[in-house]
Every structure is written in C-alpha cells, then in structure tokens.
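As a plain string of letters, each chain reads:
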Amino acid sequence: MAEPLLVLDKVAKHYGEITAVHGIDLEIARGEFVAIMGPSGCGKTTTLRMIAGLEAPSEGEIRLNGERVNERKPWQRDTPMVWQSLALFPYMSVLRNVEFGLKMRNQSAKTRREKAMGWLERMGLAAHAGRNITQLSGGERQRVAIARALVTEPEILLLDEPLSALDAHLRIRMQSEITQLQRQLGITFAYVTHNQSEAFAMASRVAIMNGGRIQQVGSPREVYRTPANRFVAEFIGANNIVDGTLRGNDGEAILIETGLGQLRAPAPIGRSYSPGDKIALVISADRVAIGAAPKGGAINHLEASLISEEFIGSVVTLHLDIGGERVFRVQKQAHELDATAFTPGQKISAFWRAEDMFVLPAD
Amino acid sequence: MTVDRLIRRMLRAYVVIALGFVFVPIVISFIFSFNSDRFPTLPLGSFSTEWYEAIFSEGQVPVAFRTSLIVGGAVALLSTFIGFAAAYTDFRYRFFGKSVYMSLALLPPTIPVLILGLTMLMFLSRVSLVGEIHSVVIAHVVFCMPFAMALIRLRLSQMDPDLERAAWNLGASSWRAMLGVIVPFALPAILSALFLTAAVSFDEFMIAFFVGGVNETVPVRVLNMMQGQVSPRINAVGSLVFAISMTLVIVAQFLLMMRRPGRPMLRRT
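Residues numbered from 1 in each chain as written. Chains lettered and ligands numbered in written order. Predicted model: local features only at pLDDT ≥ 70, side-chain atom pairs only at ≥ 80, totals over all residues.

1. Some points on the domain arrangement of chain A
Residues and elements named next belong to chain A.
- You can read the domains of chain A as domain 1 (6-230) and domain 2 (239-361).
- Spacing between the C-alpha centres of domain 1 and domain 2 amounts to 38 Å.
- Looking at the side of domain 1 that touches domain 2 residue by residue, the classes come out as one nonpolar, two polar and two charged. (Domains from an automatic or database assignment. Nonpolar A, V, L, I, M, F, W, Y, C, P; charged D, E, K, R; others polar.)

So this is what it looks like as structure tokens:
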C-alpha cells in the first residue's frame, strides 16, 4: 500500500517545560478531508503549524509524500494555509494577493494573472480583482484567502479555524462551499477547529485532541456513536454520560447500577469488565424516546421531571432533572413533538434501548 | 454659559499668544531677510534679495549647506536602516534582556545634547574618527536612529504577525517576505523616518559643533556668523534653515498620516 500523503510519526512539541503536543501519530491519505478538533490549547494549531513548518517538532518525524520534511523551511514545503486571521496582505489588491504564491515561484506575469483570475472566477470574485482587501466583506475575504492558498495547486491545504470570524449564517454557507470545493478538487484538506458541528459537517475523518494527545480518530459517525473515552464523549456533546458500577450479566445485556437505577447495556466489545468495575455509560440524547417505549430488545426507563426545553430550529432538547446538578438530555426533532406541550416540572418518561448505550471505563 | 464662553475665549487667546511667541520672531526674521536696510528697523526699506546673494557668494555658507546636505542624507539613510532593523528585531524576536535592549536603543535623545556631544567627541577622538564629516554622521546617527526606530516600530506594531508567516507559507523566503511584505507595510513609516531624521540632523547644532571640527554644518555656521557680526545675512540663513526643516518635518508628518493600513501608498506595477 502506498504511503499516505502526510504522516505524523510520534511528533511532539515542547516549549521549555511545557509540552504542547505529546508524540502524536496521524496519517492523512490523499484526497481526504480531515478535521483536527479539540478545545483551545489542546495542541491542534501547534500540530498544523508543525505541518506547515512554522514550528519545528521537538521529537518525531513529519513525512510528506514519504519524505521527511522536519528540516524544511516553511517556504520549502508546499503546504499553504488558510489563517484564522486570514492574513491577507492589506496593501495589495485582491489579484495581487492571489498571485503572491505564484510570484514566489517565479512564474511569469502572464501565467500568474491567468491562474489567479481563474481562481477568482471560480470563487465568484472576478469582478473584485482590482479592489483592495479592505473593500471586501467577510465572506469575500474568506474566499480570497482560500483562492490565494489554492492557486499554486498544492496537494494539501491547511485550514486553521478559517470560519471563526464569520457570523453563524455565513459560516454555514462557507462550510458547504469549502466541502464542495474539496470534493471537486480532490485535494487533501486538514482543517483545525474547536467547533464540533463544523468538523462533523465537513470532514470525512476527525481527530479529536486534548492535552496535546490525540484521543480518537475516526469518521464523525464512529466518534459520535462510539467515543473512545469520556473526554471525547463529553466534547462532542449531545450525549448523556452516567457513572455506574457493573453488577452482572443477564445473558443478553450487562447490568449496571447507576444513579438512574439499574440500567441494561450491551456487553462491551474488545474489553472485558468484571462485576464491581466502575464504568461510564454514554447515552446519545437523540436515541432517547419519550412517552412510549420503543419496541424490541432490552429497554431502559427513566422517570424524571422536566427542567427546561431548548428550541434550536428543527431540534428540541429537553433537560430532565436527574438529581444533584446533573441533567439528562433528550433530543428530538421538533416535528416529532409538535402536538406535545411541555411545562417545566412535569414528569417525563424516557426510554432507550440497551444497544443505544455505549460503555466506557470510568476515569 | 457666559462663563464657559469667556473661558473658551481666554483659552483661544492663550493659544494665539503662545503660537505668536514662537512664530513672530521667525516671521520677522523672514521679512527682514528681504529688507534692503542694514539694520532691522521700521519702516522697512525696499524689497531685496541681496542678503541671500551675499550668503551664497560668501564661500563658507554654501560649504556649510553642502556639509549639512551630505550629513543629513547619510544620517537619514543610515539611521532609518538601523532603526528599521531594530524595530524589526523588536517585532519579530523575543529574547532575554529585550526590554533593556529596547530602552538602551531609545536612550540617546533623552541625553542632553551637550553631554552627548562631549562624550562623542571624547570617544571619537580616542578612536581617531574626530573632526571629519563622517564624525558628524556617526554622532548624528546615534542621536537620530531612535526617532526612526520609534516611527517604524509603531507601524510594525499595527501589523498582524501572521502576515509574514503567511508569506513564508506561500513560498517566500525570509528575504523575499521581508522585501515583499514587511517593507511595503512599513513603507510610510520608513519614508517618514527618512525625512524626520534628515530634519533632526539638519537642525542639530551641539553635537555637530563638538565633533565636526572644521566641517561646519549650517547651524554651526550660523552661530559662528553671529559671533562675528550681526548682519541681515543671519535672517536669510535662518529663513532658509527654517524653510528646509519645516518642509522635511511636514513631509514626514504627511507620510505618517497616510499610514492607514489598507491604502496602497505607492502604486506598484
């Protein structure tokens, strides 16, 4: 099998006493759209900057096309980046910004203009070529930044939270534009973000980082349904995490004693637990039914009073009181609940199937 | 209400009087430089450019202008270059003792020029560099560089540090990024620094007096003329010096006011 386009091999970054990245391994294949996500300070931006050569790894090896690039200066690699600040050259016209990379590669003025104009047309900015950056709107600047990075036809494009400065509406539109662009071009995208929904919406694979370590790599679906650990389960949100103690096995499911009563969960794969072990259960909020129990299999049941109802467009989240400071979240499509009126304090019956739970070691 | 108005009027009058004290002698000197009479008395005599002709026919004044021009030009170039380098160091690097380094670099203009002139004289004579045009240049660069550095540093502080990295990222080597990104961004401040340092050097008397030896710059020549005799030629030289200095300072100021990011300063092809 051919070597992936980009390989991070036990790459670490220390700043004096502080370690920003702890020996991470990551492979990115040609044409993939990988999102690296995590909370701020998790090392995701440092990782991206090491790929671009803006930071030198303290340990490990970065290979691009099978070649070690650790020692290459930023300008000796073809790893253009779309910056969080956009970093467009303010005293240059749109066209000159886009031409910059070609100029640095000593291409002729004619080729430069043709290629840059081609990209501006593609991004719907041809009419703005002569304008100054300051005369553009946020979304237009964003497109200029992408065109500037792609004009040299790189094999990989690095994106460092490029949409964080945009308002929500524009962000969603740019998300789909970027995703479409990536599909059309077939270029590898490595996209850093702290925003879970952004990563899930765009990437074919996500790597979740925390504390300088990669916690899990997988498709958005895998990560969402089978988080590798408690951090991932919490970070991707939309999950209920319940601590408990393993009590035994009734043949078709394991029994766990929790604050919500005894729950039944599928036996975990790949790791064995014995009675008395502390474990955590992940219950996806969108898999919980209310009112009537779903059919088939082992069913868990919870009676709790409603604290509040949160309405976000097509999705409604119900917060149920499960004692202490904790809430149990149930997520429903708005249309499923159209006929139901909720009042805070009212008792709600929640049901979910054993197989909709996922078992993690407690930590 | 009326008290407010009264106070406002008094403040305005105060400003007018203060500016009057500064500018009236200059204006008077300017007027008398074109007066045909030998002594500055009223009523004025006829309009005449004889004093200007006199200073330029007298050998020493044109020589002094030439010296000032060489010194001012060299000082402007050198101190702007060094000032840029120092400002860039501040912008780009973090190192131990940087705050000490920066305050030392900004120190010279805060030292009384008399002290600076004397110590420069002692130092330059120790290393056998005294009494030449380049002695004045060296001493003036020490004095002027901080002005250039301060201007350029201010400009660079408005720059997104990612701009330089973005240039590297797009294939520009350190040098090309410097010339293609940093310098164009700092250009208004660099040009402004050129004019300002030229003006400071052109006006500076004390240091030039100490280290210049027989190489008189214009201010040194003016003082030597005054010591000899009071002549309307002083008015002519003074008016010229004022006009040149003001032009330099105004150009520097104008360039700096154009520093709003985003507006191209020079159209580059």
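2. A look at the nonpolar core
- Core analysis: the largest hydrophobic core is formed by 158 residues, its most contacted members being Ala-190, Tyr-191 and Leu-281 of chain A together with Ile-152 and Val-211 of chain B.
- For this core, the element with the most residues is helix H8 (residues 174-203) of chain B, which contributes 17 residues.
- Mapping this core onto the domain boundaries places at least three of its residues in each of domain 1 (6-230) and domain 2 (239-361) of chain A.
- Those residues within four positions of Tyr-191 of chain A in sequence are excluded, and the remaining contacts are Phe-33, Val-34, Ala-35, Leu-159, Met-202 and Ala-203 of chain A. (Core = buried A, V, L, I, M, F, W, Y, C linked by C-beta atoms within 7 Å. Buried ≥ 20, exposed ≤ 12 C-beta atoms within 10 Å, placed from the backbone. Helix = DSSP H or I, 4+ residues; strand = E, 2+ residues; numbered from the N terminus. Contact = placed C-beta atoms within 7 Å.)

3. Let's talk about the sheet that holds strand E20 (residues 357-361) of chain A
All names here are of chain A.
- Ordered by their spatial adjacency, five strands build an open sheet running E13-E12-E11-E14-E20, and the pairing between neighbours is antiparallel. Among the strands making up the open sheet, the edge pair consists of strand E13 (261-265) and E20. Direction aside, the axes of adjacent strands within the sheet are offset by 45 degrees on average.
- In this structure, strand E12 (residues 254-258) lies alongside E13, joined through five bridges in antiparallel fashion. Considered in E13, the bridge of Leu-255 is made with Arg-264. (Pairing = 2+ DSSP bridges. Axes fitted to C-alpha atoms, helices over the stretch in contact; angles between N-to-C directions.)

4. Quick word on the interface of chain A and chain B
- Each partner contributes residues to the interface: chain A has 19 residues there, and chain B has 18 residues.
- The greatest single-element share of the side of chain A that touches chain B, amounting to three residues, is contributed by helix H2 (residues 94-104) of chain A.

5. Considering the environment of Ile-70 of chain B
- With respect to the element layout, Ile-70 of chain B can be found in helix H3 (residues 60-92).
- Placed 149 residues apart in sequence, Ile-70 of chain B and Pro-219 of chain B show a C-alpha to C-alpha distance of 14 Å.

6. A few points about the packing of H3 of chain B against helix H6 (residues 133-156) of chain B
Residues and elements named next belong to chain B.
- Running from N to C, H3 and H6 point in directions that differ by 40 degrees, and their axes come no closer than 6 Å. Comparing their axes, H6 and H3 come out oblique. For the element pair H3 and H6, the recorded crossing hand is right-handed.
- For the contact of H3 with H6, the per-class residue count stands at 21 nonpolar, five polar and two charged. (Parallel < 35°, antiparallel > 145°, perpendicular 65-115°, else oblique. Left-handed = near helix turned anticlockwise from the far one by under 90°.)

7. Considerations on the pairing of strand E8 (residues 188-193) of chain A
All names here are of chain A.
- E8 sits mainly inside the fold: six of its six residues count as buried.
- Neither face of E8 is exposed, since Thr-188, Ala-190 and Val-192 on one face and Phe-189, Tyr-191 and Thr-193 on the opposite face are all buried.
- Pairing geometry for strand E3 (residues 33-37) and E8, over five bridges, is parallel. The partner of Val-34 across the bridge, within E8, is Ala-190.
- With five bridges connecting them, strand E7 (residues 156-160) and E8 associate as parallel partners. What sits directly across from Asp-160, in E8, is Val-192.
- You can see the chain leave E7, run along helix H5 (residues 168-185) and come back into E8, and the turn it takes is right-handed. (Right-handed = clockwise from strand over helix to strand, strands pointing away.)

8. A short note on the packing of helix H2 (residues 50-57) of chain B against helix H11 (residues 233-257) of chain B
All names here are of chain B.
- In contact at an axis separation of 8 Å, H2 and H11 are set at 85 degrees when each is read in the N-to-C sense. In terms of orientation, H2 and H11 fall into the roughly perpendicular class. Note on element contacts: H11 touches H2 through Arg-233, Asn-235, Ala-236 and Val-237, opposite Trp-51, Tyr-52, Ala-54 and Ile-55.
- Looking at the contact of H2 with H11 residue by residue, the classes come out as six nonpolar, one polar and one charged.

9. Comments concerning the sheet that holds strand E15 (residues 289-290) of chain A
Residues and elements named next belong to chain A.
- The strand order E15-E19-E16-E17-E18 describes an open sheet built from five strands, whose pairing is antiparallel. Only two strands of the sheet have a single partner each, and these edge strands are E15 and strand E18 (327-333).
- Direction of pairing for strand E16 (residues 299-312) relative to strand E17 (residues 315-321): antiparallel, over a ladder of seven bridges. Within E17, the residue paired with Glu-310 across the bridge is Thr-317.

10. Brief notes about the pairing of strand E4 (residues 59-64) of chain A
Residue and element names in this part refer to chain A.
- Two elements, strand E1 (residues 6-15) and E4, share five bridges in a ladder whose sense is antiparallel. Each bridged residue has a counterpart across the sheet, and for Leu-8 the counterpart in E4 is Ile-62.
- Here E4 folds back onto strand E5 (residues 67-68), and the loop between the two strands holds two residues, one of which, Asn-65, carries a positive phi near 55 degrees.

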